[in-house]
Amino acid sequence: MPVAIQAVPFLGVLLVAGLVLALVFGPWAAAPAGILSLFVLFFFRDPNRVVPEGEGLVLSPADGRVTEVLRGRDGTRVSVFLSVLDCHINRSPIGGTVLEVRHTPGRFHPAWQGRASLENERNHLVIRSASGDYGVTQVAGVLARRIVCTKSTGDVVRRGERIGLIRFGSRTDLRLPPGIDSLVRVGDRVRGGLTIVARALPKEQAGRMAGMGA
């Protein structure tokens, strides 16, 4: 299975530590470094995924468990908590153009808490598509002290494309535009780039359908 390049520094340190321990204390002394290396490979796994095809599909931006679905006048926020056992690659929920990338320093509350979305260190992307503007927020947690975003303002992204990762436990929020509701509920397990969390129509088509209904 492919592994994210961000794993390389950790693996390098563990390799050196294992060699030193083996030389000083014997081969068995390197076992802890070997076990930690396996965990790093597991955590930074970056599987290739076949993205579902279909008009208007909005996909989960991360693997994990849905902890909140908050509906409001400004749209719906779907929050996904990633444990250390989940794949931590973040993916674009839709195809479009990155309008904004904004990093906000903050605290490191447990990522499953609601206040983490507002108070924790986070990186926020706005992606414009034919059906509206979608927000993806990478939120750091207690153990997650490093947010990686591989996209910049102006980049064009495909649905399900990799946009970054968060190290060692975190949270990813998806903000849906007004009028687009979530198909997932609190407690659901989702997979980034695979699970359909909403269906959306281009603004023009949605307007025509609303007019026909009227």
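Details of the structure are given in the entry above.
Residues numbered from 1 in each chain as written. Predicted model: local features only at pLDDT ≥ 70, side-chain atom pairs only at ≥ 80, totals over all residues. Heavy atoms only, no water.

**Let's talk about the packing of helix α1 (residues 8-25) against helix α2 (residues 31-43)**
This is how it is decided: The axes are straight lines fitted to the C-alpha atoms, using for helices just the contacting stretch, and the angles between their N-to-C directions are given from 0 to 180°. Secondary structure counts use DSSP, requiring at least four H or I residues in a row for a helix and at least two E residues in a row for a strand, with both numbered from the N terminus. For classification, angles of less than 35 degrees are called roughly parallel, those exceeding 145 degrees roughly antiparallel, those between 65 and 115 degrees roughly perpendicular, and all remaining angles oblique. Residues are treated as being in contact if the distance between any of their heavy atoms lies within 4.5 Å. Residues are grouped as follows: Ala, Val, Leu, Ile, Met, Phe, Trp, Tyr, Cys and Pro are nonpolar; Asp, Glu, Lys and Arg are charged; all remaining types, including Gly, are polar.
One can describe the packing of α1 onto α2 by two numbers: an axis separation of 9 Å at closest approach and a directional angle of 170°. Here α1 is positioned roughly antiparallel relative to α2, judged by the angle of their axes. Touching Phe-10, Leu-11, Leu-14 and Gly-18 of α1 are Ala-33, Leu-36, Ser-37, Val-40 and Leu-41, all from α2. The class makeup of the residues in the contact of α1 with α2 is 7 nonpolar, 2 polar and no charged.

**What about the packing of aromatic side chains?**
Condition: Only Phe, Tyr and Trp rings take part, Trp by its six-membered ring, and two of them pair if their centres are within 6.5 Å. Stacked means planes under 30 degrees apart, edge-to-face means over 60, and tilted covers everything else. Three labels apply to residues, based on accessible area from a 1.4 Å probe with only protein chains included: buried if under 20% of the type maximum, exposed if over 50%, partly exposed otherwise in between.
Enumeration over the complete set of coordinates arrives at 3 aromatic pairs. Arranged with centres 6.2 Å apart and planes meeting at 35°, the rings of Phe-39 and Phe-43 form a pair that is tilted. Taken together, the residues Phe-39 and Phe-43, both in helix α2 and 4 residues apart, mark about one turn of the helix. For Phe-43, a relative accessible area of 1% corresponds to the buried category. In this structure an aromatic cluster arises from ring pairing among Phe-10, Phe-39, Phe-43 and Phe-44.

**Regarding the pattern of salt bridges**
Inclusion rule: Criterion for a salt bridge: a side-chain nitrogen of Lys or Arg within 4 Å of a carboxyl oxygen of Asp or Glu.
Taken as a whole and judged by the stated rule, the model has 12 salt bridges. Between Asp-46 and Arg-162 there is a salt bridge, with its nearest N and O atoms 2.6 Å apart. Of this pair, Asp-46 sits in the loop between α2 and β1 (57-59) while Arg-162 sits in strand β10 (residues 162-166), placing them 116 residues apart in sequence. Judged by relative accessible area, Arg-162 falls into the partly exposed class, the value being 31%. Among the salt bridges present, the one from Glu-68 reaches Arg-171, with a minimum N-O distance of 2.7 Å. With a gap of 103 residues between them, Glu-68 in strand β2 (residues 64-72) and Arg-171 in strand β11 (residues 170-176) connect regions that are remote in the sequence.

These figures capture arrangement, not role.
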